[in-house]
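Listed below are the residues making up each chain.
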Amino acid sequence: MIPGGGGQPDMQQLLQQAQKMQQDLAVAQQELAETSVEGSSGGGLVKATVSGAGELQGLVIDPKAVDPEDTETLADLVLAAVRDGVAGAEELQQQKLGPLAQGLGGGGGMPGLPF
């Protein structure tokens, strides 16, 4: 008989790999939380700052965008800037977390693993 179960994966090695991936994921998530992405609309009249995790952190509105007679346009500009910032954050998430998710390989078919 072959030691180690005849070609079965080394469980200790699998656990070490899973632990490293978990650590890498935690580091990537922390980096995302600390990174800011800016979205804008109206040629820069409205700027939204969004964390890499997708949380709105700031909003700057140029006074030229404010027309008391037309608050709907201002609301549209704000929504567009926030959506632009969130889209940038999602792209950043894909860049940071995408390779880690692929490295998990669907958990190797091991029951009970969430990935």
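Everything that follows concerns the structure shown earlier in this document.
What this report covers is the structure whose coordinates are included nearby. Small disclaimer: the values here were computed from a predicted structure and weren't measured.

Conventions used here
- Residues numbered from 1 in each chain as written.
- Predicted model: local features only at pLDDT ≥ 70, side-chain atom pairs only at ≥ 80, totals over all residues.
- Heavy atoms only, no water.
- Core = buried A, V, L, I, M, F, W, Y, C linked by side-chain atoms within 4.5 Å.
- Buried < 20%, exposed > 50% of the residue type's maximum accessible area, 1.4 Å probe, protein only.
- Helix = DSSP H or I, 4+ residues; strand = E, 2+ residues; numbered from the N terminus.
- Contact = heavy atoms within 4.5 Å.
- Expected span 1.5 Å × (residues − 1).
- Polar contact = N/O pair within 3.5 Å; in protein donor to acceptor, adjacent residues only side chain to side chain.
- Pairing = 2+ DSSP bridges.
- Axes fitted to C-alpha atoms, helices over the stretch in contact; angles between N-to-C directions.
- Salt bridge = Lys/Arg side-chain N within 4 Å of Asp/Glu carboxyl O.

In terms of nonpolar packing, the biggest core is built from seven residues, these being Val-46, Ala-48, Ala-65, Leu-74, Leu-77, Val-78 and Ala-81. Sorting elements by how many residues they give to this core places helix α2 (residues 71–104) first, with four residues. Setting aside residues up to four positions removed in sequence, Leu-77 forms contacts with Ser-41, Gly-42, Val-46 and Ala-65.

This brings us to helix α1 (residues 11–34). Look at α1: 35 Å from first C-alpha to last across 24 residues, which is about the 34 Å you get at 1.5 Å a residue. Where α1 begins, the side chain of Asp-10 points an oxygen toward the backbone nitrogen of Gln-12, at a separation of 3.2 Å.

Ordered by their spatial adjacency, three strands build an open sheet running β1-β2-β3, and the pairing between neighbours is antiparallel. Both edges of this open sheet fall to β1 (36–41) and β3 (56–61), since each of them pairs with a single strand only. Averaged over all pairs of adjacent strands, the angle between strand axes in this sheet comes to 15°, irrespective of strand direction. Bridge analysis of strand β2 (residues 46–51) against β3 gives five bridges, and the strand direction is antiparallel. The residue bridging Thr-49 from the neighbouring strand is Gly-58, located in β3.

Moving on: the pattern of salt bridges. Tallied over the full model, the rule gives two salt bridges. We note a salt bridge from Asp-24 to Lys-20, for which the minimum N-O separation is 3.0 Å. Of this pair, Asp-24 and Lys-20 are both found in helix α1, four residues apart, which corresponds to roughly one turn of the helix. With a relative accessible area of 27%, Asp-24 lands in the partly exposed category. Judged by its relative accessible area of 48%, Lys-20 is partly exposed. With a closest N to O distance of 2.9 Å, Glu-31 and Lys-96 form a salt bridge. In this pair, Glu-31 is assigned in helix α1 and Lys-96 in helix α2, connecting sequence segments 65 residues apart.

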